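Chain and residue survey
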Amino acid sequence: MLSFIGRSVIQKIVTLFFVSIVSFLIIHMAPGKPSQVDPLNPKFTPEMVERFRKEFHLDKPLYTQYFYFYHDLFTGKTVSWKDNQPVLAKIFERFLNSLPLFIVGTILTWTLSFPVGIRSALHRGGLYDRSATFFSYLFISIPGFFFAYILIIFVVNSFHVPVIGMETFGLESLSWQRMFMDRIWHLLIPSILGATGGIAVLSRYVRSQMLEVEGQDYVRTAKAKGLTAEQVHYKHALRNALLPFVTMFGLILPGLIGGSVIIESIFSWPGMGRMAYEAILARDYPIILTVNFISAVLVLGGTFVSDLLYMVVDPRIRL
Amino acid sequence: MLSVKDLKVYFQVDGGFSRAVDGVSFEIQDGETVCLVGESGCGKSVSALTIMGILPQPPGKIIGGTIFFKGQDLLLMKEEEMQKVRGNHIAMVFQEPMTSLNPVFTIGDQIEEAIRIHERIDEAEMRKRSIQALKDVGMPSPEQRINDYPHQLSGGQRQRVMIAMALACNPDLVIADEPTTALDVTVQAQILNLFKDLQQKRRMSLLYITHDLGVVAKIADQIYVMYAGIILEKGAARDIFYNPCHPYTRALLASLPSRSKRGSKLYSIPGSVPDPAHTPKGCPFHPRCSFALESCTSQFPGMSDWGNGHFSRCPVIYDKEAGKGGN
Ligand SMILES: Nc1ncnc2c1ncn2[C@@H]1O[C@H](COP(=O)(O)OP(=O)(O)OP(=O)(O)O)[C@@H](O)[C@H]1O
Ligand code: SF4
Ligand SMILES: [Mg+2]
């Protein structure tokens, strides 16, 4: 067990190292240069560009730049090229904005997918199952931005509440209850939007997983013992059907960053996804690379957690 | 104790029905071992699952018949009543020991669960009972094994656990559906002997399902020979062995390896088992029968009585010396 953890951590650190190199190379090979971002801007005189290049070591060979970048990152000195603000502080601020969206979306996805999928499987071919199938495919195939606009129009027209951004401006004078409700409204719509796609996919997966397990011999054994249908389904079948989801659970973490670019853009939500997207457009390498590095850490951390969880829940995997 | 009458179970298949069980009747008395013998696909497992009330429906459908157990028709029982019968009065051991235990629970948990459903006893007592159950089926060092997960056991050991689980509530009837088919030959003999011992010690009734007539010789009191969803011959074990009347039974016996035939080529029945969706008209065995008459292709004869409860669904009288049949 301990040796597994040790091995796994070392393995993941090595992977992280390679990820850092590859992502650094990719960013630098991508077309466009930070110093050319806005050649039409009259403030960018050739001297300024030169000074800029010097200041950020862009005149040095790539491996030196790599070293400078990660040295700065680990000592917390990285700054954005755009506004000279410390990158980590900027990311943290955006992270705090993204967090509620992520938490509400994840909770909605994981709490709703399972009941929907399990019920579909247990009443396979029935009206409920067929409607669930229809809506799943509808939500999977409908483009996110299109669905978002329908949802926005619907909510704004029928409830007369503003939903764009994180809060409505100019409400500071109102009672805290009103401000709280305003926040909730702003949070709810993008979260629901983010969750529908997830629920549609995950509930399908839960359904197929449950159906497969229900056909296993040990479920038949459980019935032959004289267990009630509930005990058969929710103890013997479900326990096995849940195993693969433990792996997926570890992969939720990276969703913290990537999952929300479109939604954050549509709703003008000042979160991490949008910041990363804007940084890419602005060729703000420090932000892109830092976000990239953090996502890599989250992915590797997530797989590590799911490996550990798997060992806890599946007796066949013991090390 | 158990009396199955004219049981018919069909499966829905594309464009019609597959007659998996097509009018099967048999009886099991108290403390008796009854063997149901037949080739693969003749409907043995489907019959067993129907008795247990765990036939998957759909695709299966019980078309008709009765299954009387201690005076009550199991087919008319409500699901809640049936749950009290399952595991408690009738228990089953399955064909597939490797996959029939739940991989995420310890074998102790699974045996104790079987007891807990039907009896109220405290946990310490329960542990003792399940260790004893494992001991009874010859599991080595049961005190340690009880905390093992199924994947830590061999196929033979898993089947022992399945048997321990089936016997945990002292059922009146145990249905063993080819319990040794998936096991190594040496283990097969051990499990078979275990069934024989347990049946004698506990005086329980045993419905032993197999495709192997050689197995039957060791434990059967009564034998039912099944073919294409139908019983073709039934009788006391020695009558079936020493005086087989149905050409199918004789063919099955002839295809058994035996000491006297060692070295010679094994006989095998020509042709193959009919697809239950298209059973032949008349006697279902006629395409493979060496005694088949013209009439056999259109008429399926009824049971002929050979005395002493020995019946066969073929009127052909077998002449032992001549090795030929005649009417
Ligand atoms: N779930 C099912 N769906 C459709 N047909 C089935 C199903 N289960 C069984 N059958 C059909 O019923 C027939 C009898 O099957 P059954 O499992 O009872 O055979 P068996 O005598 O137990 O054979 P074996 O020795 O291989 O276990 C088979 O021909 C099979 O095609
Ligand atoms: S009825 Fe005819 S075909 Fe069937 S077993 Fe007897 S002789 Fe053969
Ligand atoms: Mg079978």
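Here, the structure is the one placed above.
Notes on the structure follow. Just so we're clear, the structure is a prediction, and the values are computed from it rather than from any experiment. (Residues numbered from 1 in each chain as written. Chains lettered and ligands numbered in written order. Predicted model: local features only at pLDDT ≥ 70, side-chain atom pairs only at ≥ 80, totals over all residues. Heavy atoms only, no water.)

**Let's talk about the site of ligand 2**
Neighbouring ligand 2 are His246(B), Pro247(B), Cys283(B), His286(B), Cys289(B), Phe291(B), Ala292(B), Cys296(B), Pro301(B), Cys314(B) and Val316(B). Counted by class, the shell around ligand 2 contains 9 nonpolar, 2 polar and no charged residues. (Near = heavy atom within 4 Å. Nonpolar A, V, L, I, M, F, W, Y, C, P; charged D, E, K, R; others polar.)

**Remarks on the coordination of the magnesium ion (ligand 3)**
All names here are of chain B. Around the magnesium ion (ligand 3), the protein supplies Ser45 (OG) and Gln95 (OE1) as donor atoms, at distances of 1.8 to 2.5 Å. Taken together, the residues span a long stretch of sequence, with Ser45 in helix 1 (residues 44–52) and Gln95 in the loop between strand 6 (90–93) and helix 3 (107–118) at a distance of 50 residues. Among the residues examined, Ser45 registers a relative accessible area of 23% and is labelled partly exposed. (Donors = N, O, S within 2.8 Å, 3.2 Å for Na, K, Ca; no water. Helix = DSSP H or I, 4+ residues; strand = E, 2+ residues; numbered from the N terminus. Buried < 20%, exposed > 50% of the residue type's maximum accessible area, 1.4 Å probe, protein only.)

**Digging into the interface of chain A and chain B**
Facing the 20 residues of chain A at the interface are 24 residues of chain B. For the chain A face of the interface with chain B, the top three residues by lost area are Arg220(A), Lys225(A) and Pro315(A), together amounting to 30%. Scanning the region where chain A abuts chain B turns up 3 salt bridges. Across the pair Glu113(B) and Lys235(A) runs a salt bridge, and its minimum N-O distance is 2.9 Å. Put simply, chain A and chain B have 12 residue pairs in polar contact (both at pLDDT 80 or more) between them. Looking at the side of chain A that touches chain B, the elements with two or more residues in it are helix 8 (217–224) and helix 9 (229–241) of chain A. (Contact = heavy atoms within 4.5 Å. Buried area = accessible area lost by both parts, 1.4 Å probe. Salt bridge = Lys/Arg side-chain N within 4 Å of Asp/Glu carboxyl O. Polar contact = N/O pair within 3.5 Å; in protein donor to acceptor, adjacent residues only side chain to side chain.)

**Describing the pattern of salt bridges**
Under the definition given, this model contains 20 salt bridges over all chains. Close ionic contact of Arg274(A) with Glu278(A) constitutes a salt bridge, the shortest N to O distance being 3.2 Å. Placement of the pair is Arg274(A) and Glu278(A) together in helix 13 (residues 272–281), with a separation of 4 residues, close to one helical turn. Note on Glu278(A): relative accessible area 30%, which makes it partly exposed. Residue Arg288(B) is joined to Glu39(B) by a salt bridge in which the shortest nitrogen-to-oxygen separation is 3.2 Å. With Arg288(B) in the loop between helix 10 (247–254) and strand 11 (304–305) and Glu39(B) in the loop between strand 3 (33–37) and helix 1, the pair connects residues that are 249 residues apart, well separated along the chain. Classification of Arg288(B) by relative accessible area gives buried; the value is 8%. The structure contains a network of salt bridges with shared partners spanning Glu112(B), Arg116(B), Glu123(B) and Arg127(B).

**So, the site of ligand 1**
All names here are of chain B. In the vicinity of ligand 1 lie 13 residues, with Ser40, Gly41, Ser45, Val46 and Glu178 positioned nearest. Here Ser45 contributes a side-chain N or O atom positioned 2.6 Å from an oxygen atom of ligand 1. Here an oxygen atom of ligand 1 and a side-chain polar atom of Gln95 are 2.9 Å apart. For ligand 1, whose unbound accessible area comes to 630 Å², protein coverage reaches 69%. Here the shell around ligand 1 gets 3 residues from one element, more than from any other, and that element is helix 1. In terms of residue class, the shell around ligand 1 is made up of 6 nonpolar, 5 polar and 2 charged. (Areas by Shrake-Rupley, 256 points an atom, 1.4 Å probe, with all protein chains shown as cover.)

**Considering the sheet that holds strand 5 (residues 72–73) of chain B**
Read from one edge of the open sheet, 4 strands run 2-1-4-5 (chain B), paired in antiparallel fashion. Edge positions in the sheet fall to strand 2 (16–28) and strand 5 of chain B, since each of these pairs with one other strand and no more. (Pairing = 2+ DSSP bridges.)

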